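Read off the chains here:
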Amino acid sequence: MHSFATYPFRTVAPVLVALLCCTPLQATEDADDQQHIARQMIQVLDAYAVYKMGDFAEAYVRYKKLAEVGNRQGMLNLGNMHAAGLAVTQDYEQALYWYQRAADAGDSIGMYEVGRAHELGLGTPRDAAKAAAWYLRAAELDNSSAQWSLGKNLYQQGQLIDGLQWIRAAARQGDNPTASQFLSNIDSPHNTFSRPSATEQQIVLAALTAIDQAAVRKDAEALVAALSPKAKVFVRLPDSSAWTPFSKVQLAALWQGTFDRAQHYDYQRDSPELLQVDSNILAFSNIREQLQSGGTTQLLEIRESAQLRVINGQVQIDQLRLDIRRQGQ
C-alpha cells in the first residue's frame, strides 16, 4: 500500500543570515531559492488537501504540474496515483516512470519504490539484483522500508550478518514495526540468531568498556586496538549522506583529530544490544559525544554497529559502522 509523500515543513534560514554570510548576489539567489521552495511546498500541501477531499482528478492535475517542473513530492504522489489507479487507469509502468524520476533526483522514497517495482515486477520484469541495488541506495539514506526489505532479503538468502544489520537499522528508527517484531522473536525456532552466552557477553561488554575508557582519556590508539588489521570500517559524518571507508590507522587519526580540537570532551555509551550468529556477534550501541571548543558546543550521537568475534577470550572487531549525527538529527 502506498502512502502519499507530504513532507513536513523545513525551517528556512532567515534572509538576514544569508546577507551576513554571502555576497549581495548570492544572498539574492538564496532568497529566491527559499521563496521558490516555500511556494512549491504550499502547492504540495494544497494538492494533498484536494486529494484528501476525494477530488482525485484535480489532485492529479496539481501533482502533475509539480512533477513536470522537477518537484520530487509531485513525482512521488503522481506515481502513487498511477499505481493505485486514482483519476487514471492503473498503470504500473507510468508509476515506475515517476518513481524513477524521483529516485534519480535523489529521493529515498522514490529509490525504495523503484526497488520494490523490480522486486515484484510492477511495470518492469522482476530483477532481484536491481531491486537490491535500489534498496541499498535508499537504505543508506535511512529509508526504513528499504532497510527492512534489503535486510529481510539478505537474511533469507543466507547473508545473516548483513541482513540483521539492516533489519536492526530499520527497527532502530522506530517507524517499522515489522522489523522490530522480527528482532523481538529472538526465541523463535525459525531464527538463526540468538543471544551470546553469559561468558561471551561478559567478554564483549568488558571490551566495549575498555574502548569507552580509552575515549574518555583521549587515547586514540587504544580506542581502535580491538579492530583487526583488515577490519572493514565505514563512517558517515554529520550532515552527510555518504559512507566513507576508513582503515584502522585512518580511524585512529579521526579520533585523534577530534581530541586535539576539543577543549572539553564527554563520551557516554548506552547499554549495547548483542546478537549472535554462529561465531559472530553483532553489537549495536548509541554513543553520545559532547565537544566544546572556543565557546561552541557540539552534541553528537554515534550509532555504532560492530561485527566481532571472541577469540581466546579476546574481542576482535571485523567490521564497524559509525553513523555520526548531530543530536536530534
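Residues numbered from 1 in each chain as written. Predicted model: local features only at pLDDT ≥ 70, side-chain atom pairs only at ≥ 80, totals over all residues. Heavy atoms only, no water.

Colleague: Explain the pattern of salt bridges to me, using residue names and the numbers behind them.
Modeller: Within this structure, the stated rule accounts for 14 salt bridges. R236 is the salt-bridge partner of D323, the closest N and O atoms lying 2.9 Å from each other. Note that D323 is positioned in strand β7 (residues 314–326) and R236 in strand β1 (residues 227–236), a separation of 87 residues in sequence. Judged on exposure class, the residue D323 and its partner R236 are both buried. Between E304 and R269 there is a salt bridge, with the nearest N and O atoms lying 2.7 Å from each other. Of this pair, E304 sits in strand β6 (residues 296–311) while R269 sits in strand β3 (residues 264–269), and the two are 35 residues apart along the sequence. Considered together, E304 and R269 belong to a single accessibility category, that of buried residues. Taken together, the salt bridges that share partners define one network made up of D142, R236, D323 and R325. (Salt bridge = Lys/Arg side-chain N within 4 Å of Asp/Glu carboxyl O. Helix = DSSP H or I, 4+ residues; strand = E, 2+ residues; numbered from the N terminus. Buried < 20%, exposed > 50% of the residue type's maximum accessible area, 1.4 Å probe, protein only.)

Colleague: Which residues make up the pairing of strand β5 (residues 280–293), and what values do they have?
Modeller: Summarising the sheet, β3 and β5 pair through six bridges and their orientation is antiparallel. Bridge pairing in β5 places D266 opposite Q290. Connecting the antiparallel pair strand β4 (residues 273–277) and β5 is a turn made up of two residues, with D278 showing a positive phi of about 55°. Summarising the sheet, β5 and β6 pair through 13 bridges and their orientation is antiparallel. Following the sheet pairing, I287 is matched in β6 by I302. (Pairing = 2+ DSSP bridges.)

Colleague: Any chance you could break down the environment of V277 for me, citing the residues and the numbers?
Modeller: Residue placement: V277 occurs in strand β4. The class of V277 is buried, set by a relative accessible area of 3%. In this structure the C-alpha to C-alpha distance between V277 and I161, which are 116 residues apart in sequence, comes to 7.0 Å. When sequence neighbours within four positions are dropped, the list of residues in contact with V277 reads L160, I161, L164, T192 and F193. (Contact = heavy atoms within 4.5 Å.)

Colleague: Go over the pairing of β6 with me, naming the residues and quoting the values.
Modeller: Hairpin remark: β5 followed by β6, antiparallel, with two residues in the connecting loop; positive phi at G294, about 60°. Two strands pair when backbone bridges link them, and β6 and β7 are joined in this way by 12 bridges, in the antiparallel orientation. Note that in β7 the partner of S305 across the bridge is R321. Counting the residues in the hairpin turn of β6 and β7 gives two residues, including N312, whose phi is positive at 50°.

Colleague: Which residues make up the packing of aromatic side chains, and what values do they have?
Modeller: Each aromatic ring pair is specified by the distance between its two centres and by the angle formed by the two planes. Following the criterion strictly, the structure yields 12 aromatic pairs and no others. Centre to centre, the rings of Y155 and F182 are 5.2 Å apart; their planes meet at 85°, and the pair counts as edge-to-face. Residue Y155 is found in helix α8 (residues 144–156), and its partner F182 is found in helix α10 (residues 177–184); the two are separated by 27 residues along the sequence. Given the relative accessible area of 10%, Y155 is considered buried. A residue is classified by how much of its surface remains accessible, and F182, at 19% relative accessible area, is buried. By the ring-pair criterion, three or more aromatic residues cluster together here, those being W148, Y155, F182 and F193. A cation over an aromatic ring shows up here: R168 above the ring of F284, its NZ or CZ 5.4 Å from the ring centre. Here the basic side chain of R321 rests over the ring of W243, its NZ or CZ set 4.1 Å away from the ring centre. (Phe/Tyr/Trp six-rings, centres within 6.5 Å; stacked < 30°, edge-to-face > 60°. Lys NZ or Arg CZ within 6 Å of the ring centre and 35° of its normal.)

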